[in-house]
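# A look at the structure
So the chains spell out like this:
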Amino acid sequence: MSEANWYVVHTYSGYENKVKTNIEQTIENRKLQDQILEVSVPTQEVVELKNGVRKVSEKKLFPGYVLINMVMNDDTWYVVRNTRGVTGFVGPGSKPVPLTDREMMTLGIKSDKIEIDFAVGDTVAVVAGVWAGTAGVIKRIDESRQTVTINVDMFGRETPVELAFAEVKKMK
(Lines give C-alpha, C1' and ligand atoms only; values in the text may rest on other atoms or scores of the structure.)
Protein backbone atom coordinates (compact mmCIF):
# COMPACT_ATOMS: atom_id res chain seq x y z
CA MET A 1 0.00 0.00 0.00
CA SER A 2 1.21 3.52 -0.79
CA GLU A 3 2.16 6.07 1.80
CA ALA A 4 -0.33 8.74 2.88
CA ASN A 5 0.59 12.35 2.13
CA TRP A 6 -1.04 15.72 2.73
CA TYR A 7 -2.72 17.34 -0.27
CA VAL A 8 -4.33 20.74 -0.69
CA VAL A 9 -7.82 20.94 -2.19
CA HIS A 10 -9.24 24.19 -3.56
CA THR A 11 -12.89 24.89 -2.65
CA TYR A 12 -15.42 27.62 -3.18
CA SER A 13 -14.76 30.36 -0.64
CA GLY A 14 -16.88 29.83 2.46
CA TYR A 15 -17.51 26.15 1.68
CA GLU A 16 -14.44 24.77 3.51
CA ASN A 17 -16.33 23.30 6.48
CA LYS A 18 -19.11 21.96 4.25
CA VAL A 19 -16.52 20.24 2.01
CA LYS A 20 -14.84 18.78 5.11
CA THR A 21 -18.17 17.40 6.37
CA ASN A 22 -19.10 15.98 2.95
CA ILE A 23 -15.74 14.24 2.53
CA GLU A 24 -15.94 12.79 6.06
CA GLN A 25 -19.45 11.43 5.32
CA THR A 26 -18.24 9.88 2.07
CA ILE A 27 -15.29 8.28 3.88
CA GLU A 28 -17.72 6.69 6.33
CA ASN A 29 -20.21 5.59 3.65
CA ARG A 30 -17.58 4.07 1.34
CA LYS A 31 -15.41 2.67 4.17
CA LEU A 32 -12.31 4.62 3.08
CA GLN A 33 -10.97 5.28 6.61
CA ASP A 34 -7.72 3.46 5.78
CA GLN A 35 -7.14 5.57 2.64
CA ILE A 36 -8.36 9.06 3.59
CA LEU A 37 -6.98 9.55 7.08
CA GLU A 38 -7.73 13.17 7.97
CA VAL A 39 -9.51 16.21 6.58
CA SER A 40 -8.51 19.57 8.05
CA VAL A 41 -9.55 23.21 7.76
CA PRO A 42 -6.70 25.03 9.57
CA THR A 43 -7.92 27.86 11.82
CA GLN A 44 -6.42 30.14 14.43
CA GLU A 45 -7.90 32.09 17.31
CA VAL A 46 -8.00 35.83 16.71
CA VAL A 47 -8.82 38.47 19.32
CA GLU A 48 -10.81 41.36 17.85
CA LEU A 49 -11.73 44.61 19.51
CA LYS A 50 -15.19 45.77 18.43
CA ASN A 51 -16.89 48.73 20.14
CA GLY A 52 -14.48 48.40 23.06
CA VAL A 53 -15.35 44.73 23.62
CA ARG A 54 -12.77 41.97 23.22
CA LYS A 55 -14.11 39.12 21.10
CA VAL A 56 -12.27 35.85 20.42
CA SER A 57 -13.12 34.24 17.09
CA GLU A 58 -11.80 31.52 14.80
CA LYS A 59 -10.35 32.63 11.46
CA LYS A 60 -9.46 30.29 8.62
CA LEU A 61 -5.73 30.33 7.89
CA PHE A 62 -6.30 29.51 4.20
CA PRO A 63 -9.75 30.59 3.02
CA GLY A 64 -10.81 28.51 0.03
CA TYR A 65 -8.55 25.55 0.87
CA VAL A 66 -8.88 22.23 2.72
CA LEU A 67 -5.97 19.96 3.69
CA ILE A 68 -6.40 16.20 3.28
CA ASN A 69 -4.09 13.43 4.53
CA MET A 70 -4.70 10.52 2.16
CA VAL A 71 -3.26 7.73 0.06
CA MET A 72 -3.51 8.98 -3.52
CA ASN A 73 -5.17 6.49 -5.88
CA ASP A 74 -7.97 6.59 -8.45
CA ASP A 75 -10.72 5.96 -5.86
CA THR A 76 -9.61 8.63 -3.36
CA TRP A 77 -8.90 11.14 -6.11
CA TYR A 78 -12.39 10.57 -7.55
CA VAL A 79 -14.11 10.86 -4.15
CA VAL A 80 -12.39 14.14 -3.26
CA ARG A 81 -12.52 15.67 -6.74
CA ASN A 82 -16.26 14.98 -7.11
CA THR A 83 -17.27 16.33 -3.71
CA ARG A 84 -19.70 19.25 -3.97
CA GLY A 85 -17.81 22.52 -3.45
CA VAL A 86 -14.39 21.18 -4.51
CA THR A 87 -12.89 22.90 -7.56
CA GLY A 88 -9.76 20.73 -7.69
CA PHE A 89 -6.46 19.70 -6.18
CA VAL A 90 -3.59 22.15 -5.99
CA GLY A 91 -0.97 21.13 -8.53
CA PRO A 92 -0.21 21.40 -12.24
CA GLY A 93 -3.12 20.30 -14.43
CA SER A 94 -5.04 17.48 -12.79
CA LYS A 95 -1.99 16.03 -11.02
CA PRO A 96 -2.11 16.67 -7.24
CA VAL A 97 1.21 17.52 -5.61
CA PRO A 98 1.71 16.38 -1.98
CA LEU A 99 3.00 18.86 0.59
CA THR A 100 6.59 18.34 1.72
CA ASP A 101 7.51 17.70 5.37
CA ARG A 102 9.04 21.18 5.57
CA GLU A 103 5.76 22.75 4.34
CA MET A 104 3.79 20.70 6.87
CA MET A 105 6.03 21.82 9.75
CA THR A 106 5.61 25.43 8.62
CA LEU A 107 1.84 24.97 8.81
CA GLY A 108 2.21 23.46 12.27
CA ILE A 109 0.49 20.23 11.26
CA LYS A 110 3.43 17.90 11.38
CA SER A 111 6.39 18.30 13.67
CA ASP A 112 9.24 15.92 14.19
CA LYS A 113 10.26 15.89 17.83
CA ILE A 114 14.03 15.84 17.98
CA GLU A 115 15.51 14.13 21.03
CA ILE A 116 18.37 16.16 22.45
CA ASP A 117 21.30 14.99 24.55
CA PHE A 118 22.50 18.38 25.76
CA ALA A 119 21.55 20.86 28.48
CA VAL A 120 22.10 24.49 29.41
CA GLY A 121 25.83 25.04 30.01
CA ASP A 122 27.01 22.32 27.58
CA THR A 123 29.40 23.21 24.78
CA VAL A 124 28.09 22.40 21.30
CA ALA A 125 29.55 22.53 17.82
CA VAL A 126 27.50 24.09 15.05
CA VAL A 127 27.30 21.60 12.16
CA ALA A 128 25.01 23.42 9.70
CA GLY A 129 23.94 26.87 8.61
CA VAL A 130 25.83 30.16 8.60
CA TRP A 131 27.58 29.43 11.89
CA ALA A 132 28.88 25.97 10.84
CA GLY A 133 32.32 25.30 12.23
CA THR A 134 31.90 27.45 15.34
CA ALA A 135 31.30 26.33 18.91
CA GLY A 136 29.43 27.87 21.79
CA VAL A 137 27.93 27.34 25.23
CA ILE A 138 24.17 26.75 25.44
CA LYS A 139 22.46 29.58 27.33
CA ARG A 140 18.83 28.63 26.66
CA ILE A 141 16.83 25.70 25.23
CA ASP A 142 13.37 26.25 23.73
CA GLU A 143 11.66 22.84 23.41
CA SER A 144 8.50 24.19 21.75
CA ARG A 145 10.40 25.91 18.93
CA GLN A 146 13.15 23.25 18.95
CA THR A 147 15.92 25.82 19.19
CA VAL A 148 18.94 26.52 21.37
CA THR A 149 20.53 29.88 22.07
CA ILE A 150 24.32 29.82 22.28
CA ASN A 151 26.91 32.51 22.72
CA VAL A 152 29.47 32.74 19.93
CA ASP A 153 32.54 34.93 19.81
CA MET A 154 32.01 37.70 17.25
CA PHE A 155 34.53 40.55 16.98
CA GLY A 156 35.78 39.80 20.47
CA ARG A 157 32.31 39.86 22.05
CA GLU A 158 29.94 37.17 23.19
CA THR A 159 26.91 37.32 20.89
CA PRO A 160 23.73 35.23 21.40
CA VAL A 161 22.69 33.17 18.35
CA GLU A 162 19.53 31.06 18.06
CA LEU A 163 19.92 27.76 16.20
CA ALA A 164 17.69 24.77 15.43
CA PHE A 165 18.38 21.51 17.31
CA ALA A 166 19.43 19.89 14.02
CA GLU A 167 22.17 22.52 13.52
CA VAL A 168 24.14 21.69 16.67
CA LYS A 169 25.95 18.67 18.07
CA LYS A 170 27.22 18.14 21.59
CA MET A 171 31.00 18.23 21.91
CA LYS A 172 32.65 15.43 23.84
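The structure this text deals with has already been given above.
Residues numbered from 1 in each chain as written. Predicted model: local features only at pLDDT ≥ 70, side-chain atom pairs only at ≥ 80, totals over all residues. Heavy atoms only, no water.

### Regarding the overall build of the protein
Going by this rule: The numbering of helices and of strands both runs from the N terminus, where a helix is a DSSP run of H or I of at least 4 residues and a strand a run of E of at least 2. Only C-alpha atoms enter the radius of gyration, while the globule expectation follows 2.2 Å times N to the 0.38, with N the number of residues. Burial status follows relative accessibility: with a 1.4 Å probe on protein chains alone, a residue under 20% of its type maximum counts as buried, one over 50% as exposed, and anything between as partly exposed.
From N to C terminus, the protein includes 3 helices and 11 strands. Listed N to C, the secondary structure of the protein is β-α-β-β-β-β-α-β-α-β-β-β-β-β in terms of helices and strands. A globule of 172 residues ought to have a C-alpha radius of gyration of about 16 Å, yet the protein, at 22 Å, is considerably larger. The C-alpha extent of the protein, read off along each of the three principal axes, is 65 × 55 × 30 Å. Each of the 172 residues in the protein was classed as buried or not, and the buried ones make up 31%.

### Description of the packing of aromatic side chains
Test applied: Think of it this way: a Phe, Tyr or Trp ring, Trp meaning its six-membered ring, pairs with another when their centres are within 6.5 Å, and the plane angle makes it stacked under 30 degrees, edge-to-face over 60, tilted otherwise.
Summed over the entire model, instances satisfying the criterion amount to 3 aromatic pairs. When the ring of tyrosine 12 is compared with that of tyrosine 15, the centres are 5.8 Å apart and the planes differ by 70°; the resulting orientation is edge-to-face. What makes tyrosine 12 partly exposed here is its relative accessible area of 47%. Residue tyrosine 15 is classed as partly exposed on the basis of its relative accessible area of 42%.

### Here's the deal with the pairing of strand β5 (residues 65–70)
If a strand is regular, its side chains alternate between the two faces of the sheet. Definition in use: DSSP-based pairing: two strands are paired if at least 2 bridges between them are found.
Of all 6 residues that make up β5, 5 are buried, and the element is covered over most of its length. Summarising the sheet, strand β1 (residues 5–11) and β5 pair through 6 bridges and their orientation is antiparallel. Within β5, the residue paired with valine 8 across the bridge is leucine 67. Pairing between strand β2 (residues 36–40) and β5: 4 bridges, direction antiparallel. Along β5, the bridge assignment pairs isoleucine 36 with methionine 70.

### Let's talk about a nonpolar patch on the surface
Our working rule: The patches described consist of residues with a relative accessible area above 30% and no salt bridge, like charges being joined within 9 Å and nonpolar side chains (Val, Leu, Ile, Met, Phe, Trp, Tyr) within 5 Å. Residue burial considers only the protein chains on display, and all accessible areas are found by Shrake-Rupley using a 1.4 Å probe. For salt bridges, the criterion is a side-chain nitrogen of Lys or Arg within 4 Å of an Asp or Glu carboxyl oxygen.
Nonpolar side chains collect at one region of the surface, where Leu61, Phe62, Tyr65 and Val90 lie side by side and expose about 290 Å² of accessible area between them. For leucine 61, the position within the fold is in the loop between β4 (53–60) and β5.

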